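Residue-level structural notes
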Amino acid sequence: MTTTSHLSAEYRYATYRATGLWTDERIGDLVSARAAQDPDRELFCFEGRRVTYGEFDGWTRTVAADLFRRGVRRHDRVLVQLPNSLEALVLQVAAFRIGAVDVPIVPIYREHEIRRILADCRPAAIAAITELHGRRPVEEIDGLLAELDLEPVVRYVVGGSRDGWAHVPSGPGEIDTELPEPLSAEEPALLLYTSGTTSAPKGALLSSRALFAHMRNFQEVLEAGEQTVTMAATPLSHLGGFVAGVVFPAFLGGRSVIVRGWQPDEAVRLIEQERVSLMMGATVFLSDLVERYERGIAAEHRLSVYACAGAAIPAPLIERAAEVGVSAFRAYGMTETAGVCAGASRHDPLGRRREWDGRILRGMEIQVVDEQRRLVAPGTVGELRIRGPQLLSGYTDAELTAAQIDGDGWFYPGDVGLVDDQGWVQMTGRSKDIINRGGEKFSTMDIELAIASHPDVENAAVTAVPDDRLGEGVGAWLVLRGGVQWQGPDQLIVHLEQQKLAKQKIPTHWHVVAAIPRSATGKIQKHRLAEIEDIDYSTRTR
């Protein structure tokens, strides 16, 4: 870990290249290169269907050719909003193959979130599903495109048909055109939208070199290789799911097992059947597996390594995992660092894995500074800042880039924590106010504004509340307007549904209080919300 904050960018970049963290490798070549080496090797298994490197590469080239034939060009954005499916994988890799920018969007997002994303990225191609949990995403997107006066060159539909939407080519086919080259290593190839301190999603741009630097570091800390079998349970339109499903296995020359949705009992069966050795993701998956292993299920083969990231991880869960044979560790990272930038290995002491969020990975720098951005002593709590080869190229919003990345290349994620003299990181909180529910991050301001738009609500504050399964849930504290009697949250839930808010953002814990605590400057003191007593409407005269 380097502790000098004023190293020149040229020196740092030369170091990244000299240590092999930065190369000229392009993410658009990854699958093709592996397929050329070993075309008959299995890349992944999905719902019983086994796909080899050669088969997937052929299909990817066919879809890439279709995108190009329809008018998608280098640097164009390809937006993919699909639940876990083979199409979700092939479209993203095909975008890389022709030098387009992959824009995966989690399926839970609805018009409220998608409107801003469409306006920001202005995609040349879009893929969506006809129906999902009672919704019709293709219709939602058509309405938003008309509203924003956007006309992509192609819209792909999965799971049905719709006028004006094409079907994704179903497999390898003849290619009668020369495909353009993938984007170079330093160009942004992946655009990911992540929630921040405002209601607007932030578009983070990641280059091939950032993605490869992360995979090299991750491979080292996990001691992973061709023999590694990874299970992908996170959405494939999420960085963690896409990396686990195809990018990391292809980088290793290994294989993955992909599940459409999280069903713990089925996951236990597949882990045993397929000899899965690695999983990565949020607390909920590990918690469900450990609970079943504690009941004696799957004695012949169990998951061996779990990298916990993306949500709060209770320390006792790490211990319980160890007792049933799972080496679990906490990791620290985010979209803007292409994944984890601090992690542990299975050889590290349980106490470290239980209480800390990992050791800073090779080439990465994580420092702690005070309010004046001055370095503090090791072990002192302060604001975390990050620099290194895995860092994002910037945001789609130049002003946001300037606000969060300083002139020396330090990225300020808004996290609070400490770093000890051995380079171990411990995150203690967030200065940015978001909720991390099972790995999905939501702006509290976004939810507050939606709740406060109800005519019965005078004020609203939203914050994270502990959730044993998901790490964090959504809690809402309300001040009602004069004369309004609390009848329960049903009307507000309907109101939020009408606002087209993602269902995962709808609070599960509701509190009606006399006043919301604020500082002298008027800022809500969210750390005091849990101390406030709810109004007891059962004793009030109606």
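Below is a short write-up of the structure.

The rules behind the values
Residues numbered from 1 in each chain as written. Predicted model: local features only at pLDDT ≥ 70, side-chain atom pairs only at ≥ 80, totals over all residues. Heavy atoms only, no water. Helix = DSSP H or I, 4+ residues; strand = E, 2+ residues; numbered from the N terminus. Rg over C-alpha atoms; globule rule 2.2 N^0.38 Å. Buried < 20%, exposed > 50% of the residue type's maximum accessible area, 1.4 Å probe, protein only. Contact = heavy atoms within 4.5 Å. Areas by Shrake-Rupley, 256 points an atom, 1.4 Å probe, with all protein chains shown as cover. Salt bridge = Lys/Arg side-chain N within 4 Å of Asp/Glu carboxyl O. Core = buried A, V, L, I, M, F, W, Y, C linked by side-chain atoms within 4.5 Å. Pairing = 2+ DSSP bridges. Axes fitted to C-alpha atoms, helices over the stretch in contact; angles between N-to-C directions. Right-handed = clockwise from strand over helix to strand, strands pointing away. Parallel < 35°, antiparallel > 145°, perpendicular 65-115°, else oblique. Left-handed = near helix turned anticlockwise from the far one by under 90°. Nonpolar A, V, L, I, M, F, W, Y, C, P; charged D, E, K, R; others polar.

A look at the overall build of the protein chain
Helix and strand counts for the protein chain come out as 15 helices and 27 strands. By the compact-globule yardstick of 24 Å for 542 residues, the protein chain fits well, its C-alpha radius of gyration being 23 Å. On the principal axes, the C-alpha backbone points of the protein chain span a range of 75 × 60 × 55 Å. Expressed as a percentage of its 542 residues, the buried residues of the protein chain come to 58%. Sequence-distant contacts, at least 24 apart, represent 69% of the contacts inside the protein chain between residues at least 6 apart. Counting every atom, the protein chain has about 22,100 Å² of accessible surface; 47% of that belongs to carbon and sulfur.

Points about unusual backbone geometry
It is generally the case that most residues other than glycine have a negative phi and that most peptide bonds are trans. Its identity as a non-glycine residue notwithstanding, Asp149 has a phi of 60 degrees, on the positive side. The residue Ala338 is not glycine, and still its phi comes out positive at about 60 degrees. Looking at the element boundaries, Ala338 is found in the loop between β15 (332-334) and β16 (339-343). Since its relative accessible area comes to 1%, Ala338 is described here as buried.

Focus: the pattern of salt bridges
Summed over all chains, the structure comprises 41 salt bridges. In this structure, Asp66 engages Arg69 in a salt bridge whose closest nitrogen and oxygen atoms are separated by 2.6 Å. With Asp66 and Arg69 both in helix α3 (residues 53-69) and three residues apart, the pair spans about one turn of that helix. Look at Asp66 and you get buried, because its relative accessible area is 8%. By relative accessible area, Arg69 is classed as exposed at 57%. Here Arg320 makes a salt bridge to Glu294, at a shortest N to O gap of 2.8 Å. Of this pair, Arg320 sits in helix α11 (residues 315-323) while Glu294 sits in helix α10 (residues 283-294); the two residues are 26 residues apart in sequence, bridging distant segments of the chain. Residues joined by salt bridges that share partners form a network here, namely Glu131, Arg136, Glu139, Asp142, Glu151, Arg155 and Arg162.

Digging into the nonpolar core
Judged by nonpolar contacts, the single largest core of 136 residues is most densely connected at Phe56, Phe248, Ile366 and Ile451. A total of ten residues in this core trace back to one element, the largest contributor, which is helix α8 (residues 239-252). Ranked by size, the runner-up nonpolar core spans 30 residues in total, among them Tyr293, Leu303, Tyr306 and Ala321.

As for the sheet that holds strand β26 (residues 471-480)
Two pairing modes exist for strands in a sheet, parallel and antiparallel, and in both the strands are linked by backbone hydrogen bonds. Within the open sheet, the three strands sit side by side as β25-β26-β27. Their pairing is mixed. Edge positions in the sheet fall to β25 (457-467) and β27 (509-512), since each has one partner strand and no second. Strand-to-strand twist across the sheet, computed as the mean angle between neighbouring axes with direction ignored, equals 20 degrees. Against the sheet, helix α14 (residues 444-452) touches β25, β26 and β27, its axis set at about 140 degrees to β25.

Some thoughts on helix α5 (residues 111-121)
Taken residue by residue, α5 has Glu111, His112, Glu113, Ile114, Ile117, Leu118 and Cys121 as its buried positions. Those residues of α5 hidden inside the fold are in contact with β3 (77-81), β4 (101-104), β5 (125-129), α6 (137-148), β8 (188-194) and α14. One or two residues past the end of α5 sits Arg122, with phi positive at roughly 45 degrees.

Digging into the pairing of strand β6 (residues 154-158)
Burial analysis of β6 places five of its five residues in the buried class, which makes it a mostly covered element. Burial of β6 is two-sided: the residues Val154, Tyr156 and Val158 facing one way and the residues Arg155 and Val157 facing the other way are all buried. Where β5 meets β6, five bridges bridge the pair, whose relative direction is parallel. Looking at the pairing, Ala125 lines up with Val154 of β6. Handedness of the crossover joining β5 and β6 through α6 is recorded here as right-handed.

Digging into the packing of α10 against α11
Between α10 and α11, the least distance of the axes is 10 Å, while the angle of their chain directions is 40 degrees. The angle between the axes of α10 and α11 places the two elements in the oblique class. Crossing geometry of α10 relative to α11 is assigned as left-handed. Mapping the contact onto sequence places Thr283, Leu286, Ser287, Val290, Glu291 and Glu294 in α10 and Leu317, Arg320 and Ala321 in α11. A breakdown of the residues in the contact of α10 with α11 according to their chemical character gives four nonpolar, two polar and three charged.

Considerations on the sheet that holds β16
One open sheet accounts for three strands, arranged β15-β16-β17; its pairing is antiparallel. The sheet is open, and its two borders are formed by β15 and β17 (359-360), each paired with just one other strand. Relative to β16, β15 is paired through three bridges, and the arrangement is antiparallel. Along β16, the bridge assignment pairs Met334 with Gly339.

Geometric values such as these leave the question of function open.
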